[in-house]
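# Commentary on secondary and tertiary structure
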Amino acid sequence: MTDKMTIIGTPVSPYVRKVLAILDMKGVPFRCIPQVPYLGDENFTKISPLRRIPVMQIGDFTLPDSTAIVQYLDEAYPETPAYPGDIQSRARARWFEEYADDHLGRNVLFKLFFQRMIRPRLFKEEPDEAIIAEALEKDMPQALDYLEGEVPEDGFLAGDISAGDIVIATLLKNALWAGWQLDGARWPRFAAWLARVNAVPAVAKVNALADEVVNAKPKEQLVILRRYYGKG
Ligand SMILES: N[C@@H](CCC(=O)N[C@@H](CS)C(=O)NCC(=O)O)C(=O)O
């Protein structure tokens, strides 16, 4: 494995940040090219048929999708696993990763983030306030009710910190940017769990990076990325 590990995707994406945090946790050197998915040309479609980020490249090997990437990383670099513990803990970590990707990400937060941030900034369109209200008032509370019953009083969703914990935390950062606030009195276990996840050094670091890149242009993001993770 001598070719450089490259992650393609702007770290404004929670799925890109999930991969960055796991690479950092594992101590794997990488470089990140801050591609914005909506602005990708036909070369982007070749490496990402669904035109989504992140994509991983190592020499000629190209792999889209953060979950596929993290599973690859766990096999290639088994130290500090992203799916730790016994077989049931590992399965549970994968479930929460899927829940975050499909439901929380695609159906809830993405609506919010797309409407509040991407539509006005990238497409110069007004956000659809009805979609935002539904996400904030109905979908998010339902998801948080579920998660409140799942998070442990101590530790993480699958014992040790896992990809399942990390992706929920990175997604929620985008929700905060889009105007969501966590009601710690209504979901106290969840709030305590989230604080524990956000205190994990690789997550704290990627969250700090996130706050710096969110208002930066891709060229500036590259400089910020190098400051946090080196040149790879
Ligand atoms: N399941 C995918 C989700 C990736 C995803 O939806 N990424 C967003 C950015 S946060 C994207 O590329 N969106 C562009 C689009 O859906 O057209 C993964 O885990 O990588």
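In short, a report on the structure.

## Some words on the overall build of the chain
Of the regular secondary structure elements, the chain holds nine helices and four strands. Overall, the chain is about 50 × 50 × 30 Å in size when its C-alpha atoms are taken along their principal axes. For the chain, buried positions account for 50% of its 232 residues. Considering only residue pairs separated by 6 or more positions, the chain has 68% of its internal contacts joining residues 24 or more positions apart.

## Here we look at helix H5 (residues 129–150)
Across its 22 residues, H5 extends 30 Å between first and last C-alpha, which sits within 8% of the 32 Å expected from 1.5 Å per residue. The complete set of buried residues in H5 reads Ile132, Ala135, Asp139, Met140, Pro141, Ala143, Leu144, Leu147 and Glu148. Looking at the buried side of H5, the elements it contacts are helix H4 (87–123), helix H6 (163–177) and helix H7 (188–199). Between the side-chain oxygen at the start of H5 and the backbone nitrogen of Ala130 there is a gap of 3.0 Å, and the oxygen is on Asp128.

## Notes on a positive patch on the surface
Together, Lys4, Arg31, Arg226 and Lys231 make up a region of like positive charge exposed at the surface. Of the residues examined, Lys231 reaches a relative accessible area of 62% and is grouped as exposed.

## Quick notes on unusual backbone geometry
Most peptide bonds take the trans configuration, and most residues that are not glycine carry a negative phi. Omega for the peptide link from Ile53 to Pro54 comes to 10 degrees, which places this bond in the cis form. Here the phi dihedral of Lys124 falls at roughly 55 degrees; this positive angle occurs in a residue that is not glycine. If you trace the backbone, Lys124 turns up in the loop between H4 and H5. Overall, the relative accessible area of 69% leaves Lys124 in the exposed class.

## Structural notes on the layout of surface pockets
In this approach, a probe sized like a water molecule rolls over the atoms, and the result shows the empty space that is left. Of the volumes computed, that of the largest pocket is approximately 920 Å³. Mapped by element, the contributors of at least two residues to the lining of the largest pocket are helix H1 (14–26), H4, H6 and helix H9 (218–229). Per-element tally for the lining of the largest pocket: the top contributor is H4, with ten residues. The residue makeup of the lining of the largest pocket, split by class, is 22 nonpolar, eight polar and seven charged. Two domains each donate at least three residues to the lining of the largest pocket, and these are domain 1 (5–81 + 216–229) and domain 2 (87–199).

## Let's talk about H4
Residues separated by three or four positions in an α-helix point in the same direction, a consequence of the helix having 3.6 residues per turn. Its 37 residues give H4 an end-to-end C-alpha distance of only 45 Å, which falls more than 12% under 54 Å, the value for a rise of 1.5 Å per residue. The axis of H4 is deflected most strongly, by about 55 degrees, at Gly105. Count one or two residues on from H4 and you reach Lys124, which has phi positive near 55 degrees.

## Quick notes on the pairing of strand E4 (residues 61–64)
The side chains of a regular strand alternate, first on one face of the sheet and then on the other. Of the strand pairs in this sheet, strand E3 (residues 55–58) and E4 are connected by four bridges, and their pairing is antiparallel. Note on E4: the bridge partner recorded for Met56 is Leu63. Between E3 and E4, which follow one another and run antiparallel, lie two residues, and Gly59 among them has a positive phi close to 60 degrees.

Here is what the cut-offs are and how they apply
- Residues numbered from 1 in each chain as written.
- Predicted model: local features only at pLDDT ≥ 70, side-chain atom pairs only at ≥ 80, totals over all residues.
- Heavy atoms only, no water.
- Helix = DSSP H or I, 4+ residues; strand = E, 2+ residues; numbered from the N terminus.
- Buried < 20%, exposed > 50% of the residue type's maximum accessible area, 1.4 Å probe, protein only.
- Contact = heavy atoms within 4.5 Å.
- Expected span 1.5 Å × (residues − 1).
- Polar contact = N/O pair within 3.5 Å; in protein donor to acceptor, adjacent residues only side chain to side chain.
- Patch = residues over 30% accessible without salt bridge, like charges linked within 9 Å, V, L, I, M, F, W, Y side chains within 5 Å.
- Areas by Shrake-Rupley, 256 points an atom, 1.4 Å probe, with all protein chains shown as cover.
- Salt bridge = Lys/Arg side-chain N within 4 Å of Asp/Glu carboxyl O.
- Lys, Arg positive; Asp, Glu negative; His and termini not counted.
- Charge placed at Lys NZ, Arg CZ, Asp CG, Glu CD.
- 1 Å grid on protein atoms, 1.4 Å probe; cavity = no way out; pocket = protein on both sides within 12 Å on 5 of 7 lines; lining within 4 Å.
- Points joined across faces, edges and corners; volume = space filled by probe spheres on them.
- Nonpolar A, V, L, I, M, F, W, Y, C, P; charged D, E, K, R; others polar.
- Domains from an automatic or database assignment.
- Bend = angle between axes of the 7 residues up to and from the residue.
- Pairing = 2+ DSSP bridges.

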